[in-house]
Amino acid sequence: MIFWNRLMSWIPAIILLGILIFLYSIYFLYNIKPNFEGLNLEIVIQHFLILMFLISLLRAMVIQPGVISKELIEQTWIQWDEYQQQEKERETEQRQRRSLKSAKTFKTENDEDRSVVNMDAEDDDQNIKKEYYKKRNENRFCKKCFIPKPLRTHHCSQCRCCWQRMDHHCQWINNCVAQDNYKIFISMIFYASCLLVWVSISQYTVFLNVIETDVPDLILFIIVLHYYFTLLITVLITGFFIFHLYLISQNKTTLEQLEDKPDRLNYNQGIWQNFKSIMGPNILLWFLPVQ
């Protein structure tokens, strides 16, 4: 059963491979081949982008997304034990505060004094709640892996393990996107966006020629299908790439964006620092398929 599930999980990746072969084959037959007069800069750039995309795709598939180091797990265990102790102390303190609050409210002689006391108590309660939520976000436990989760760690039900700084599970690469392959994933969708925009623009002339000339219906259907399908994927992938640029600028993951809550910890260090922390300090290597 496990083997069958793993085999089925590769179906989206196989479909992706089929789409790539279809798009390139039609583009080669009706755009590159008819106009080929030897190597030129355009063909070199096109195939450089294709090569970089394929390298990024393969690396994103095979790299372990975000393995949690033993040192970090041990450190988190210590933090978890401290958190458990603090939780007990917090519960005791809350009980004492409730008792004190009730006593103060009872002793006030008029409504004005009572409201002041209650407002002060509510402010204190809000501060305690904020601190509690902060601690709760910092101290989570995975009941499936049976380990305390370090910050920004999530359990993937499909990979069946916890990944550090998990962004999402991508069916198309049959792998999670997390701390160790996120930069590679960004490179992949960057090159995919560049390629698709290039193909959409260069294929437009072929598209017009086919419509204006008398060609067999099958060829017309293939060219029109290829062009509109390319446009659709271009919009989706480019939009997806822009979305991830936004996430990087905010130092968020997709999961954190979807679960955006007021009590969630904020990792934003400013746009430039966010990009450097995720993509690396050297801007020249940001969109190369290297870690």
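Note that this is a predicted model, so its numbers are computed, not measured.

Section: the overall build of the chain
Then, number 1: When you go through the chain residue by residue, the secondary structure sums to 9 helices and 6 strands.
Then, number 2: For the chain, long-range pairs separated by at least 24 residues make up 65% of all intrachain contacts whose partners lie at least 6 apart in sequence.
Then, number 3: Total accessible area on the chain is roughly 18,200 Å²; 63% of this is exposed by carbon and sulfur atoms.

Considerations on the pairing of strand β3 (residues 153-156)
Then, number 1: Sheet topology places β3 next to strand β4 (residues 161-164); 4 bridges connect them, and they run antiparallel. Within β4, the position partnered with H155 by the bridge is C162.
Then, number 2: Remark: 4 residues form the turn of the hairpin made by β3 and β4, two consecutive strands paired antiparallel; R160 in that turn has positive phi of roughly 65°.

Looking at the UniProt feature "transmembrane region" (unreviewed entry) in the chain
Then, number 1: In this numbering, the UniProt entry assigns the feature "transmembrane region" (unreviewed entry) to residues 7-32, 44-62, 184-206 and 218-247.
Then, number 2: For residues 7-32, the helix share is 96%, the strand share is 0%, and the end-to-end C-alpha distance is 36 Å.
Then, number 3: Note that residues 218-247 is 100% helix and 0% strand, and that its end C-alpha atoms are spaced 43 Å apart.

Describing the pattern of salt bridges
Then, number 1: With the rule as written, the count across this model stands at 1 salt bridge.
Then, number 2: Across the pair R152 and E256 runs a salt bridge whose closest N-O atoms are separated by 2.8 Å. In this pair, R152 sits in the loop between β2 (147-149) and β3 while E256 sits in helix α8 (residues 254-258), placing the two residues 104 residues apart along the sequence.

Looking at the side chain of T254
Then, number 1: Tracing the backbone through its elements, the reader meets T254 in helix α8.
Then, number 2: In contact with T254, not counting residues within four places along its chain, are D167, H168, F243, H244 and L247.

A look at the packing of helix α3 (residues 41-62) against helix α6 (residues 182-212)
Then, number 1: Packing of α3 against α6 brings their axes to within 8 Å, and their N-to-C directions diverge by 150°. Between α3 and α6, the crossing angle belongs to the class labelled roughly antiparallel. Crossing handedness for the pair α3 and α6: left-handed. Contact residues: α3 offers E42, I45, Q46, L49, I50, M52, F53, S56, L57, R59 and A60, while α6 offers I184, S187, M188, Y191, A192, C194, L195 and W198.
Then, number 2: Across the contact of α3 with α6, the residue classes break down as 14 nonpolar, 3 polar and 2 charged.

Here we look at unusual backbone geometry
Then, number 1: Here the phi dihedral of F146 falls at roughly 55°; this positive angle occurs in a residue that is not glycine.
Then, number 2: Following the sequence through the fold, F146 ends up in the loop between β1 (140-142) and β2.
Then, number 3: The phi torsion at R152 lies on the positive side, around 65°, for a residue other than glycine.

As for a nonpolar patch on the surface
Then, number 1: Residues W4, L7, M8, I11, I15 and W172 make up a contiguous nonpolar surface patch of roughly 590 Å² in combined accessible area.
Then, number 2: Looking at the nonpolar patch, the element that brings in the most residues is helix α1 (residues 2-9), giving 3 residues.
Then, number 3: Mapped onto the secondary structure, I11 falls in helix α2 (residues 11-32).

Re the layout of surface pockets
Then, number 1: Computed from the structure, the largest pocket encloses a volume of approximately 830 Å³.
Then, number 2: Forming the walls of the largest pocket are 35 residues, and the residues nearest its centre are L16, L20, F53, A192 and L196.
Then, number 3: The element that contributes the greatest number of residues to the lining of the largest pocket is α2, accounting for 9 residues.
Then, number 4: Along the lines of polarity and charge, the residues of the lining of the largest pocket split into 28 nonpolar, 7 polar and no charged.
Then, number 5: Computed from the structure, the second largest pocket encloses a volume of approximately 500 Å³.
Then, number 6: Taken together, 19 residues line the second largest pocket, and the ones lying closest to its centre are R6, S9, Q158, C159 and N174.
Then, number 7: Secondary-structure elements contributing two or more residues to the lining of the second largest pocket are α1, α3 and β4.
Then, number 8: Considering each element in turn, the lining of the second largest pocket owes the most residues, 4 residues, to α1.
Then, number 9: Each residue belonging to the lining of the second largest pocket can be placed in one class, and the counts come to 9 nonpolar, 8 polar and 2 charged.

Thresholds, definitions, all that
- Residues numbered from 1 in each chain as written.
- Predicted model: local features only at pLDDT ≥ 70, side-chain atom pairs only at ≥ 80, totals over all residues.
- Heavy atoms only, no water.
- Helix = DSSP H or I, 4+ residues; strand = E, 2+ residues; numbered from the N terminus.
- Contact = heavy atoms within 4.5 Å.
- Areas by Shrake-Rupley, 256 points an atom, 1.4 Å probe, with all protein chains shown as cover.
- Pairing = 2+ DSSP bridges.
- UniProt positions renumbered as here; feature names shortened; annotations may be inferred.
- Salt bridge = Lys/Arg side-chain N within 4 Å of Asp/Glu carboxyl O.
- Axes fitted to C-alpha atoms, helices over the stretch in contact; angles between N-to-C directions.
- Parallel < 35°, antiparallel > 145°, perpendicular 65-115°, else oblique.
- Left-handed = near helix turned anticlockwise from the far one by under 90°.
- Nonpolar A, V, L, I, M, F, W, Y, C, P; charged D, E, K, R; others polar.
- Patch = residues over 30% accessible without salt bridge, like charges linked within 9 Å, V, L, I, M, F, W, Y side chains within 5 Å.
- 1 Å grid on protein atoms, 1.4 Å probe; cavity = no way out; pocket = protein on both sides within 12 Å on 5 of 7 lines; lining within 4 Å.
- Points joined across faces, edges and corners; volume = space filled by probe spheres on them.

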